[in-house]
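What follows is the residue order along each chain.
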Amino acid sequence: MRVTILTLAVSLALAGTAVRAADSKGELLFHIGGCTNCHTAKDGALLAGGDPIATPFGNFIAPNITPDPETGIGRWSLEDFVRAMREGRDPAGRPLYPAFPYTSYTRMSDEDLAALKTYLDSVPAVRQEARPHELRFPFNLRWGLYLWQWLFFTPERFAPDPVRDAVWDRGAYLVLGPGHCGECHTPRTFYGVLDWSRPFAGGQIGKERVPDITPAKTHGLGEWSSSDIATLLKLGMTPDGDFVGSDMAKIVNNGTGKLPQPDLDAIVAFLQSLPAS
């Protein structure tokens with residue numbers, strides 16, 4: 001009897017540890033993914049819907065992703081969530097606008113997507129209807145997304161580079177997948193497609209120019225040390241003592257500033273390995 005009770009106690013303890021580990025991983029991915037930045041309006045409830053995101057096509061408004069069953073994603077299964085993140089489709093199979101960066105999230109692992117879904121399910125549910133996007137014609141015609149995905153999007157997974165070490169692979173995964181850094185720092189074509197012939201050479205969000213983060217010496221990070229880059233990601237401070245503002249300040253405060261040092265070091269290693277633009 002004592003052995004049975006002891007075995008049960010150990011099993012429950014291990015199960016609790018596994019749940020806490022999943023929650024911890026999900027929260028880390030939540031920060032890396034910057035979910036708060038887009039899905040939370042200024043002075044609004046956490047993840048209940050964001051402020052307009054200005055683009056050349058009009059304003060996109062990130063929806064409620066709290067567990068509310070009516071206005072959020074409370075009725076989404078894990079399969080629904082994975083499909084949205086990997087394939088850019090909602091539970092009904094309709095294509096999502098790539099302002100939601102599924103073109104990067106598609107690289108995430110099964111384990112990470114499950115952990116992120118578990119964490120999102122744990123935040124307070126908020127009943128708040130999603131505001132419609134404010135898009136110009138013809139970008140407001142959603143059926144065009146079927147053609148856009150057919151032409152420009154192929155779901156994929158991250159694959160480690162066999163000639164790189166584990167640190168570089170971790171950095172590449174974080175930057176290219178959940179961190180979706182290329183979505184802002186890589187230029188886009190006329191069709192809104194990331195131009196991977198110039199990776200991380202700088203982009204545009206509305207009227208704001210997003211900087212080059214390659215090792216280019218004159219207009220990138222070529223003169224920055226590893227410590228300089230890590231300090232910016234952790235504190236938002238540049239080598240000259242200034243601090244980032246606007247959207248990058250949100251990314252630091254809600255995302256990279258919460259990452260453990262090994263992940264910051266991995267991101268730095270990957271960025272410093274990029275070809276200079």
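Cut-offs applied
- Residues numbered from 1 in each chain as written.
- Predicted model: local features only at pLDDT ≥ 70, side-chain atom pairs only at ≥ 80, totals over all residues.
- Heavy atoms only, no water.
- Core = buried A, V, L, I, M, F, W, Y, C linked by side-chain atoms within 4.5 Å.
- Buried < 20%, exposed > 50% of the residue type's maximum accessible area, 1.4 Å probe, protein only.
- Helix = DSSP H or I, 4+ residues; strand = E, 2+ residues; numbered from the N terminus.
- Contact = heavy atoms within 4.5 Å.
- pLDDT = per-residue confidence, 0-100.
- Expected span 1.5 Å × (residues − 1).
- Patch = residues over 30% accessible without salt bridge, like charges linked within 9 Å, V, L, I, M, F, W, Y side chains within 5 Å.
- Areas by Shrake-Rupley, 256 points an atom, 1.4 Å probe, with all protein chains shown as cover.
- Salt bridge = Lys/Arg side-chain N within 4 Å of Asp/Glu carboxyl O.
- Pairing = 2+ DSSP bridges.

Chemist: Please set out the nonpolar core residue by residue, giving values where relevant.
Modeler: Formed by 37 residues in total, the largest nonpolar core has its most connected members in Met108, Leu116 and Phe270. Considering each element in turn, this core owes the most residues, 6 residues, to helix 7 (residues 166–176). Those residues in contact with Leu116 that lie beyond four places of it in its chain are Gly26, Leu29, Phe30, Phe81, Met85 and Met108. In terms of nonpolar packing, the next biggest core, distinct from the first, is built from 6 residues, Ala84, Tyr102, Trp148 and Val193 among them.

Chemist: Go over the environment of Ile32, please, and point to the residues and values.
Modeler: Along the chain, the position of Ile32 falls in helix 1 (residues 2–32). Each C-alpha atom, one on Ile32 and one on Gly177, is 9.5 Å from the other, the two residues being 145 residues apart in sequence. Setting aside chain neighbours within four positions, we find Ile32 in contact with Leu174, Pro178, Gly179 and Leu259.

Chemist: Hey, could you go over the confidence of the model for the chain for me, with residue numbers and the actual values?
Modeler: For the chain, the average pLDDT comes to 90, and 92% of its residues sit at 70 or higher. Of all helices and strands in the chain, the one with the weakest mean pLDDT is helix 1 (56), whereas helix 3 (residues 78–87) scores best (98). Considering only residues more than four positions removed or in separate chains, one finds that residues 1–22, a stretch of pLDDT under 50, has 1 contact.

Chemist: Could you give an account of helix 11 (residues 261–272), naming the residues involved and the relevant values?
Modeler: Its 12 residues place the ends of helix 11 16 Å apart at the C-alpha level, agreeing with the 16 Å of an ideal helix rising 1.5 Å per residue. Listing the buried residues of helix 11 in full gives Asp263, Leu264, Ala266, Ile267, Val268, Phe270 and Leu271.

Chemist: I'd like to hear about a nonpolar patch on the surface, residue by residue, with values.
Modeler: A surface patch of nonpolar side chains, about 770 Å² in accessible area, is lined by Leu147, Trp150, Leu151, Phe152, Phe190 and Tyr191. Counting through the fold element by element, Phe190 comes out in the loop between helix 8 (182–185) and strand 4 (203–205).

Chemist: Describe unusual backbone geometry, listing the residues and the values that go with them.
Modeler: Backbone geometry follows two general trends: most residues other than glycine have a negative phi, and most peptide bonds adopt the trans configuration. Cis geometry is adopted by the peptide bond preceding Pro138, which originates at Phe137 and carries an omega value of 5°. Secondary-structure assignment places Pro138 in the loop between strand 3 (134–135) and helix 6 (144–152). One non-glycine residue with positive phi stands out, namely His180, at about 40°. Looking at where His180 falls in the secondary structure, it is placed in the loop between helix 7 and helix 8. Given a relative accessible area of 17%, His180 falls into the buried group.

Chemist: Explain the pairing of strand 1 (residues 52–55) residue by residue, including any values.
Modeler: In this structure, strand 1 lies alongside strand 2 (residues 58–61), joined through 4 bridges in antiparallel fashion. Directly across from Thr55, in strand 2, lies its bridge partner Gly58.

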